[in-house]
Amino acid sequence: MVFEGKPVKNPRYFKATRHSCQTRLLAVPQPVGYHSAMKRFVLFALVLIFAGCQRSHQPEPATLTFARGADSQKLDPADVDDGESIKVLVNISQGLVRFKHGTTDPEPCLATSWTISPDGLTYTFNLRPGVRFHDGTPLDAQTAAFSFIRQMDKSNPAHLPDATFAYWSAMFNMITAVEVVDPMTLRLRLREPNAPLLASLCIPAAHLISPKFIDQRHPVGTGPFRFVDWTPNERIVLEANPDYWEGRPKVQRLAFKVVPDSATRLIQLQTGQIQAMDGIDPNDLPIIKGDKTLQLLTAPGLNVCYLSFNCQKPPLDNKVLRRAIAAAINKKDIINDVYRGAAIVARNPLPPFVAGHNDAIPEQLYETSQPWPTVTSPLRLEVMTNPRPYLPNPLRAAEMIKSDLAKIQVPVEIVPNEWGAHLSRTSHGDHQMALMGWVGDNGDADNFLYVLLDKDTATLGSALNICFWMNDPYHDLMIAARRELDPAKRAALYHKSQEIIFEETPMVPLAHAESLMACRANVDGILFEVNGDILFDKATMK
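Residues numbered from 1 in each chain as written. Predicted model: local features only at pLDDT ≥ 70, side-chain atom pairs only at ≥ 80, totals over all residues. Heavy atoms only, no water.

Undergrad: Tell me what's going on with the overall build of the protein, and back it up with residues and numbers.
TA: If you tally the helices and strands in the protein, you get 14 helices and 25 strands. For the protein, with 542 residues in total, the buried portion stands at 52%. Long-range pairs, those at least 24 residues apart, make up 66% of the contacts in the protein with a sequence separation of at least 6. For the protein, the exposed surface amounts to about 24500 Å²; the carbon and sulfur share of it is 53%. (Helix = DSSP H or I, 4+ residues; strand = E, 2+ residues; numbered from the N terminus. Buried < 20%, exposed > 50% of the residue type's maximum accessible area, 1.4 Å probe, protein only. Contact = heavy atoms within 4.5 Å. Areas by Shrake-Rupley, 256 points an atom, 1.4 Å probe, with all protein chains shown as cover.)

Dropping the structure here:
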């Protein structure tokens, strides 16, 4: 930078013009007593100039900002059950296996290979050499074992007192021992065969974290990004892991910004304040598709939206009435109106791309031959008031169902509930009918069919089977399928179970919503997975 002295009427002032990082001061006349003050000013200016010149050679790191509707709850992979926490964690931590891109098929990750004993009771994993956690700790069998042992052993110091480890009790409780075979070989022993286990090991609850650092707000994994900072309800900032075993990400910084309103997120995307977002209102799809500066990313949704019948409460304990209601609901109209086409009709609770889906089940139930009981009092249809990943406009869907049922003289009263109250009422069985949905965890049929409809999950107060449908032949199929390791035989068991669901109609599967996100046109390489994970390790910004 060059300061150029110029003749001016008032010698107390000079004019500055920026040219380079060189400094030249030209003498100008100064009044008595002015020299000392001016010297201090010039020195201060030089400091600022030097700092500015230094910064010009050290530009701010490129940051990709992703906006979402809410903040994460915690960042301990073993103790999260909310989507916003998982969204961040899948870019920080990893498991022995992961889902192959675009599928729910397990592939190697921190384990390069594995073997399963013929009886299905022993899983042996060969670990990937040369991997380090973000704090420098090497990955070996001992450090890998830590992430499992801390969950199963209540006396372990890392079995945090405030943690619930809900996924461990639900999906990994058949593991009886975690063994270090040699420095790079880990073994899991089971009390009984569990066919979904390998898929379950892909989810964050089975991710590995460094045994040196246990902080539910500061995870230390092996993934492509490492934690930098968390400002609650504002943003979480990650930076590229320079030692990532698959190669350093192109994006230097990754920020997860909280922007609760979907319309505001879209405006920020259009103006370039953010580079990507999710939680898209289907009504905004034409705007995104028509904007050349944006691009829409979609993935088939690992979810289901359904109408639940409480099969323990009259008159919905009558199968004929349930089938009449199911036949009356126009699923395609709901898809077109509520989802704006960004969903497919659900034949079964199980999404069609999940192994075991029965394609022979019709999309729509047609039941007109048998008379159903007259409904004299309105059936109460309870509905959440807030959008969900599987249902963008719950109240509108409820109104459409009410209109359809009026055509068969079944009156309906819509009962709106705040989300927490909705979960409480349905899990306690206080409803007659309810709109509900499920987002899958591990891409396995068991995670839908057993969780949503087995009698084991129909306990009042904590029910996930909010249909409260108790069917022994169905239960026998669920247990047999969980223990069956042959994929073809297992699929046959699930096909039979879906025939029972169709015949008994404890629920009406309505839709499988597409997963939607949008980004700037100059952003490429974001991996949008079928389980909803958004991975940024291959992302670039042009």
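Undergrad: Mind laying out the sheet that holds strand β14 (residues 294-299), listing which residues take part and the relevant values?
TA: Sheet strands associate in pairs through backbone hydrogen bonding, adopting either a parallel or an antiparallel arrangement. Taken in spatial order, the seven strands of this open sheet run β10-β11-β12-β3-β13-β21-β14, and their pairing is mixed. Where the open sheet ends on each side, the last strands, each with one partner, are β10 (225-231) and β14. This sheet shows a mean twist of 20° between the axes of neighbouring strands, independent of strand direction. In this sheet, strand β12 (residues 253-258) lies alongside strand β11 (residues 235-240) in antiparallel orientation, the contact comprising five bridges. Paired with I236 across the strands is F256, a residue of β12. Each of β3 (63-68), β12, β13 (276-278), β14 and β21 (515-520) touches helix α6 (residues 262-270); the most contacted strand, β13, lies at about 160° to it. (Pairing = 2+ DSSP bridges. Axes fitted to C-alpha atoms, helices over the stretch in contact; angles between N-to-C directions.)

Undergrad: So what's going on with the layout of surface pockets? Residues and values would help.
TA: Computed from the structure, the second largest pocket encloses a volume of approximately 530 Å³. Looking at the second largest pocket, it is lined by 22 residues, and the ones nearest its centre are A195, A355, D444, P487 and R490. Those elements that place two or more of their residues in the lining of the second largest pocket are α5 (197-200) and α14 (487-504). If you tally residues by element for the lining of the second largest pocket, the top one is α14, at four residues. Looking at the lining of the second largest pocket residue by residue, the class counts come to 14 nonpolar, three polar and five charged. (1 Å grid on protein atoms, 1.4 Å probe; cavity = no way out; pocket = protein on both sides within 12 Å on 5 of 7 lines; lining within 4 Å. Points joined across faces, edges and corners; volume = space filled by probe spheres on them. Nonpolar A, V, L, I, M, F, W, Y, C, P; charged D, E, K, R; others polar.)

Undergrad: Run through the packing of helix α9 (residues 331-338) against helix α10 (residues 394-406), naming residues and quoting values.
TA: With their axes 10 Å apart at the nearest point, α9 and α10 run at an angle of 150° to one another. Regarding the angle of α9 to α10, the classification is roughly antiparallel. Judged by the twist between their axes, the crossing of α9 over α10 is right-handed. Here D333, I334, D337 and V338 of α9 lie close against α10, whose contacting residues are R396, A397, M400 and I401. (Parallel < 35°, antiparallel > 145°, perpendicular 65-115°, else oblique. Left-handed = near helix turned anticlockwise from the far one by under 90°.)

Undergrad: Describe helix α3 (residues 141-152), and please don't skip the residues or the numbers.
TA: Since there are 3.6 residues in each turn of an α-helix, residues three or four apart along the chain are aligned in direction. Compared with an ideal rise of 1.5 Å per residue, which puts 12 residues at 16 Å, α3 spans 17 Å between its outermost C-alpha atoms and is within 8% of the ideal. With nine of 12 residues buried, α3 lies mostly within the body of the structure. Residues of α3 that are buried: A141, T143, A144, A145, F146, S147, F148, R150 and Q151. (Expected span 1.5 Å × (residues − 1).)

Undergrad: If you had to explain the environment of V320 to someone new, which residues and values would you point to?
TA: Following the sequence through the fold, V320 ends up in helix α8 (residues 319-328). Apart from residues no more than four positions distant in its own chain, V320 is found in contact with Q370, P371 and W372.

Undergrad: Can you break down the pattern of salt bridges residue by residue, with the values?
TA: Tallying each qualifying case throughout the model produces 25 salt bridges. In this structure, the salt-bridge partner of R226 is E239, at a minimum N-O distance of 2.8 Å. In this pair, R226 is assigned in strand β10 and E239 in strand β11, connecting sequence segments 13 residues apart. Accessibility expressed as a relative area gives 24% for R226, which makes it partly exposed. On the accessibility criterion, E239 (24% relative accessible area) is partly exposed. (Salt bridge = Lys/Arg side-chain N within 4 Å of Asp/Glu carboxyl O.)

Undergrad: Explain unusual backbone geometry to me, using residue names and the numbers behind them.
TA: Trans is the common state for peptide bonds, and a negative phi is the common state for residues other than glycine. Omega for the peptide link from P314 to P315 comes to 0°, which places this bond in the cis form. The phi dihedral of R340 is positive, around 50°, even though this residue is not glycine. Within the secondary structure layout, R340 lies in the loop between α9 and β16 (343-345). In this structure R340 comes out as partly exposed when scored by relative accessible area, which is 45%. With phi around 50°, F468 is a residue other than glycine that occupies positive phi space. Within the element layout of this structure, F468 appears in the loop between α12 (446-453) and α13 (472-483).

Undergrad: Go over the pairing of strand β8 (residues 175-182), please, and point to the residues and values.
TA: Here β8 pairs with strand β9 (residues 185-190) via six bridges, running antiparallel. Bridge pairing in β9 links V180 to L186. Here β8 folds back onto β9, and the loop between the two strands holds two residues.

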